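Here is what each chain is made of, one letter per residue.
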Amino acid sequence: MTETRPRYHALRHVSLRQMKVFESVARNLSFTRAAEELYLAQPTVSMQIKKLSDAIGLALYEQIGKRIHLTDAGRELQAACRDILGRLEQLDMAFSEMKGIKKGRLRLTVVTTAKYFAPELLGLFCQQYPGVEVSLKVTNREEALERIAANEDDLYILGQPPEELDAESAPFLENPLVVLAPRDHPLAGKKSIPLKRLAEEPFLVREAGSGTRQALERLMRKNGLKLNIKMEIGSNEAIKHSVAGGLGLAVLSNHSIKLNASSGQLIVLDVRQFPIARHWYIVYRRTKQLSVVARTFLEFLHQQARAIVDGRVAQPERPAGAKRQRRAGSRGR
Ligand code: PGA
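Procedures and definitions
Residues numbered from 1 in each chain as written. Predicted model: local features only at pLDDT ≥ 70, side-chain atom pairs only at ≥ 80, totals over all residues. Heavy atoms only, no water. Pairing = 2+ DSSP bridges. Helix = DSSP H or I, 4+ residues; strand = E, 2+ residues; numbered from the N terminus. Axes fitted to C-alpha atoms, helices over the stretch in contact; angles between N-to-C directions. Core = buried A, V, L, I, M, F, W, Y, C linked by side-chain atoms within 4.5 Å. Buried < 20%, exposed > 50% of the residue type's maximum accessible area, 1.4 Å probe, protein only. Patch = residues over 30% accessible without salt bridge, like charges linked within 9 Å, V, L, I, M, F, W, Y side chains within 5 Å. Areas by Shrake-Rupley, 256 points an atom, 1.4 Å probe, with all protein chains shown as cover. Salt bridge = Lys/Arg side-chain N within 4 Å of Asp/Glu carboxyl O.

## Brief notes about the sheet that holds strand E5 (residues 155-158)
Consideration 1: Within the open sheet, the 5 strands sit side by side as E4-E3-E5-E12-E6. Their pairing is mixed. Edge positions in the sheet fall to strand E4 (132-139) and strand E6 (167-174), since each of these pairs with one other strand and no more. Strand-to-strand twist of the sheet, defined as the mean angle between neighbouring strand axes without regard to direction, takes the value 20 degrees.
Consideration 2: Bridge analysis of strand E3 (residues 104-111) against E5 gives 3 bridges, and the strand direction is parallel.

## A few points about the nonpolar core
Consideration 1: Grouped together as the largest cluster of nonpolar side chains are 37 residues, with contacts concentrated most on Leu-106, Phe-117, Leu-155, Ile-157, Phe-172 and Phe-297.
Consideration 2: Within the residue set of this core, elements represented by two or more residues are E3, helix H5 (118-128), helix H6 (141-149), E5, E6, strand E12 (279-285) and helix H10 (292-309).
Consideration 3: The element best represented in this core is H10, accounting for 9 residues.
Consideration 4: Residues Ile-193, Leu-219, Val-271 and Ile-276 belong to the second largest nonpolar core, which totals 21 residues.

## So, a nonpolar patch on the surface
Consideration 1: Taken together, the side chains of Leu-16, Ile-84, Leu-88, Leu-91, Phe-95 and Met-98 make up a nonpolar region of the molecular surface, amounting to roughly 550 Å² of accessible area.
Consideration 2: In terms of residue count, the dominant contributor to the nonpolar patch is helix H4 (residues 72-98) (5 residues).
Consideration 3: Within the secondary structure, Leu-91 sits in helix H4.
Consideration 4: For Leu-91, a relative accessible area of 33% translates into the label partly exposed.

## Topic: the pairing of strand E1 (residues 61-64)
Consideration 1: Here E1 runs beside strand E2 (residues 67-70); their pairing, made up of 4 bridges, is antiparallel. Its bridge partner being in E2, Glu-62 is matched across the sheet by His-69.
Consideration 2: Where E1 folds back on E2, the antiparallel hairpin that results is connected by 2 residues, among which Gly-65 adopts a positive phi of roughly 65 degrees.

Shape is all these values report; function is a separate question.
Structure representation (structure tokens):
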């Protein structure tokens, strides 16, 4: 008779508990952080990893100084642990659903411009589904793409589909990028400012991995222009304060200029080819089997995101005489 049971020679003695511990160590690259995350003592974590490594017969990590680096075997195991534990989590959620409860975890990564509505959206979602636990990561485009490639989350919100990855993406809201200036700037109140005039102004831009920055640079390049970059600043909030303080101009998501301390001191300039019409996209890996909770959130997002954003995007004061900015994404230029 043929043997139908699967054989896992190297994995015979590996337990789920060890996989959970290893997944946490590999993600955090730290025994201490894994111990904190799992509410375990650090020696317990070290012992579980040692048993796992002995059972497999390969080293899973190297320690160089205080830092942990995964070996090739460690990286393979990390990917497998993610798949296996993710699948079990999904199964758990599916069983909960069969019992009529929406329960489980949602892992969401969003680019920084989406942080102006994502927490509110998640808040409403959790009110509606109290059994759902959410983890939200806010980062720039580059890191979000790395997280998609590493299959770290269920869903992602990006400012542009990730062409380089095998992923499903659907636009769900407009995300126009506008030019911000301090209210007493000489260009304030001018109409149809030519794009090349921007090249003469000192600019404050986000870090290189930022999608906002990439969109601005793409527009300038397309028009044969180069930005006069005065400063790189890794935060939309700090950029707004710096613009208000007169350090230069900046291009940011219109959503990022909602009410805050500096918004009264900022204006949107009427520059040709602006706003840059962009959208937010909800993204997931094509090969990923979405959990019940992730699918529920996807539907919720399509139904609720607009309602949350509508009426919440503050229109910074425009100088008298300047054209009202048209609705997001409606300008063809
Ligand atoms: P980011 O946000 O500038 O933080 O990368 C991005 C985007 O809208 O692409």
